[in-house]
Amino acid sequence: MKLADNKATLSFSNGSASIDLPVYRGTVGPDVIDIRKLYAQTGMFTYDPGFLSTAACQSAITYIDGDKGELLYRGYPIEQLATTCDFMETCHLLLYGRLPDIAAKAEFTQRVTYHTMVNEQMQFFLRGFRRDAHPMAIMTGLVGALSAFYHDSTDIHNPEHRDISALRLIAKMPTLVAMAYKYSAGQPFMYPKNSLSYAGNFLHMMFATPCEDYVVNPVIERALDRIFVLHADHEQNASTSTVRLCGSSGTNPFAAIAAGVACLWGPAHGGANEACLNMLEDIQAMGGIAKVGQFMEQVKDKNSGVKLMGFGHRVYKNYDPRAKLMQETCKEVLASLGLENDPLFKLAMALEKIALEDDYFVQRKLYPNVDFYSGIVQRAIGIPVSLFTAIFALARTVGWIAQLNEMIGDPEYKIGRPRQLFSGSTRRDVLPIAQR
Ligand code: SDX
């Protein structure tokens, strides 16, 4: 970043001395006002719950223009990456800042492939869960537990440890998610098969059984790979910010990523894809498209607490480019499976059309986000609704790691420690219990 040809002067109506604050400019996007010296110079904090106007870091990984509906991974538009690259190329790009050539892609893919197995002990963690445990409860536990197997390489300040941990996490997430699914289905775990692609191997571990050969459907394999690309990273969203804050204490990468998994679970964030599919199924049960108008009235009634899941976004005030690509993938997968008339897909399309023409949504610039169509694709593939967010976590792991490694590699980084506006009791003395 560089100093902008501008500065911010902060003056106070109560006559306190005004101060000048430097303004920095990135390569693209809003300038920032550097307030790091504000407290020292004024004795005051800024106040920004939810970080609506706060840049928490400097990053070169992902750029979002919410007004244009633009998403770039290391400068490359998501539309081009999702249609001309695969997830291994995207992982290489996010981690190392460049798309691999043929040799580098083969080498990276092989390194990931040879880390897909988990320690045999990992399977015993699952036995502690009920069979109906939510997969995100299992994933939060399993990812954190991974650190117990790599004490020799969890020093986040060691670049080699960061690199091997990145590969291990990217490689093992599909194995762990598939194990969580198999455990809930009461089926035996399937070991990774090194001859398969990253997405193909995940499908195999999910749907193969020891009883017969499993043939990967190339259309579904490609669709799943694209779902991984679309979910790989997204700037400083809630779970990525969680990973950065957690990692800033110097904890090991597995613990930091486990914190990201826990945050992603929330229905306002990655849990929205599961909530969106459940919402569509509820509307379908109410009567389908004929009942959409009634449902939308509930959404617009603030007291109902009902939101149109899969719609709205803190940054996008235009169509989420990932939602467009996900809708296309939806159509391809449904067509290849002969499900063109899937009622939920038709309901989602009708819901989107009504919402985009409704003043409530237009005024608030509420558009479909990545979660609106992703559930329909995954459900068509045969993935249970409760596993949708775990698959989001699988794909986002590379983004979390890239952001964590960028932070640790930044000489300016410090442990994150926000302050507060205190509104509680001022000092008072404890009374003996008999006098309270
Ligand atoms: C993800 O940050 C990321 O990048 C996240 C993500 C990623 O890749 O990491 O993109 C993934 O989390 C996508 C978002 C998934 N969440 C959902 O689909 C859940 C439904 N959406 C909302 O909860 C909401 O839109 C948020 C949480 C996504 C954004 O909330 P904000 O930015 O805090 O916006 P807001 O709640 O202040 O909403 C502004 C207005 C409010 O109405 P008013 O107070 O102005 O009258 O819009 C309304 C909200 O009530 N609103 C909605 C709505 N979303 C916002 N009303 C109905 N349905 C919705 N979905």
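In the block above lies the structure referred to throughout.
Since this is a predicted model, take the numbers as computed values, not measurements. Every chain's residues receive numbers from 1 upward, in the order its sequence appears when written. Selection of residues for local features in this predicted model requires a pLDDT of at least 70, selection of side-chain atom pairs for listing and counting requires 80 or more, and totals for whole chains, interfaces and linings are taken over all residues. Heavy atoms throughout the structure, all of them, feed into the side-chain values; hydrogens and water do not.

What to know about the overall build of the chain
Only DSSP runs of H or I covering at least 4 residues are called helices, and only runs of E covering at least 2 are called strands; the numbering of each starts at the N terminus. When its secondary structure is counted, the chain shows 18 helices and six strands. In terms of C-alpha radius of gyration, the chain reaches 24 Å, essentially the compact-globule figure of 22 Å for 436 residues. With the C-alpha coordinates aligned to their principal axes, the bounding extent of the chain is approximately 80 × 65 × 60 Å. Residue contacts follow a heavy-atom distance rule, with two residues in contact if any of their heavy atoms lie within 4.5 Å. For the chain, contacts bridging at least 24 residues in sequence account for 69% of all contacts bridging at least 6. Here, Shrake-Rupley sampling with a 1.4 Å probe gives the accessible areas, and only protein chains in the shown set may cover a residue. About 21600 Å² of surface is accessible on the chain, with carbon and sulfur atoms providing 54% of the total. Of the charged side chains in the chain, 42 are positive and 44 negative, and the gap between their average positions amounts to 6 Å. Only C-alpha atoms enter the radius of gyration, while the globule expectation follows 2.2 Å times N to the 0.38, with N the number of residues. Charge counting treats Lys and Arg as positive and Asp and Glu as negative, with His and both chain ends excluded. Each charge is placed at NZ for Lys, CZ for Arg, CG for Asp and CD for Glu.

Observations regarding the pattern of salt bridges
Salt-bridge detection follows one rule: a side-chain nitrogen of Lys or Arg within 4 Å of a carboxyl oxygen of Asp or Glu. Within the structure shown, the criterion is met by 19 salt bridges. Residues E297 and K300 are paired through a salt bridge, measuring 3.3 Å at the closest nitrogen-oxygen approach. Taken together, the residues E297 and K300, both in helix α13 (residues 292-300) and three residues apart, mark about one turn of the helix. On the basis of relative accessibility, which here comes to 48%, the residue E297 falls in the partly exposed class. The salt bridge partner of D320 is R322, with a shortest N-O separation of 2.7 Å. Overall, the relative accessible area of 0% leaves D320 in the buried class. Since its relative accessible area comes to 2%, R322 is described here as buried. Relative accessibility thresholds used throughout: buried, under 20% of the residue-type maximum; exposed, over 50%; partly exposed, between the two (1.4 Å probe, protein chains only).

Remarks on the site of the ligand
Near is defined per residue: the residue qualifies when any heavy atom it owns lies within 4 Å of the molecule or strand. Neighbouring the ligand are 24 residues; H234, H313, R314, R322 and R396 lie closest to it. One of the side-chain N or O atoms of R314 is found 2.7 Å from an oxygen atom in the ligand. Expressed as a share of its isolated accessible area of 1100 Å², the protein-covered part of the ligand is 76%. When its residues are assigned to classes, the shell around the ligand shows 10 nonpolar, seven polar and seven charged. Nitrogen and oxygen atoms within 3.5 Å of one another constitute a polar contact, given that in protein one can donate a hydrogen and the other can accept it, and given that sequence-neighbouring residues count only through two side-chain atoms. Residue classes follow a fixed rule: Ala, Val, Leu, Ile, Met, Phe, Trp, Tyr, Cys and Pro count as nonpolar, while Asp, Glu, Lys and Arg count as charged, and any other residue, Gly among them, counts as polar.

A closer look at the sheet that holds strand β6 (residues 76-77)
With respect to topology, three strands assemble into an open sheet ordered β4-β5-β6, the strand pairing being antiparallel. Only two strands of the sheet have a single neighbouring strand rather than two, namely β4 (62-65) and β6. Alignment of β4 against strand β5 (residues 70-73), held across four bridges, turns out to be antiparallel. Bridge assignment links T62 to a residue of β5, and that residue is Y73. When DSSP finds at least two bridges between two strands, those strands are taken to pair.

A closer look at the pairing of β4
Along any regular strand the residues' side chains alternate between the sheet's two faces. Burial of the side chains of β4 extends over both faces: T62 and I64 are buried on one face and Y63 and D65 on the other. Connecting β4 to the antiparallel partner β5 that follows it, the hairpin turn spans four residues, and G69 within it adopts a positive phi of roughly 70 degrees.

Thoughts on the sheet that holds strand β2 (residues 19-25)
Sheet architecture is open: three strands sit in the order β1-β2-β3, paired in antiparallel fashion. With one partner strand each, in any of the chains shown, β1 (2-10) and β3 (32-33) form the two edges of the open sheet. Bridge count for β2 against β3 is two bridges, and the pairing is antiparallel. Counted as the bridge partner of Y24 is V32 from β3.

Re the pairing of β2
Note that β1 and β2 share six bridges and pair antiparallel. Bridge pairing in β2 links K2 to R25.

Describing the environment of R314
Within the secondary structure layout, R314 lies in the loop between α13 and α14 (321-336). Judged by its relative accessible area of 52%, R314 is exposed. Separated by 77 residues in sequence, R314 and N237 have C-alpha atoms that sit 9.0 Å apart. Not counting chain neighbours up to four residues away, the residues in contact with R314 comprise G50 and L52.

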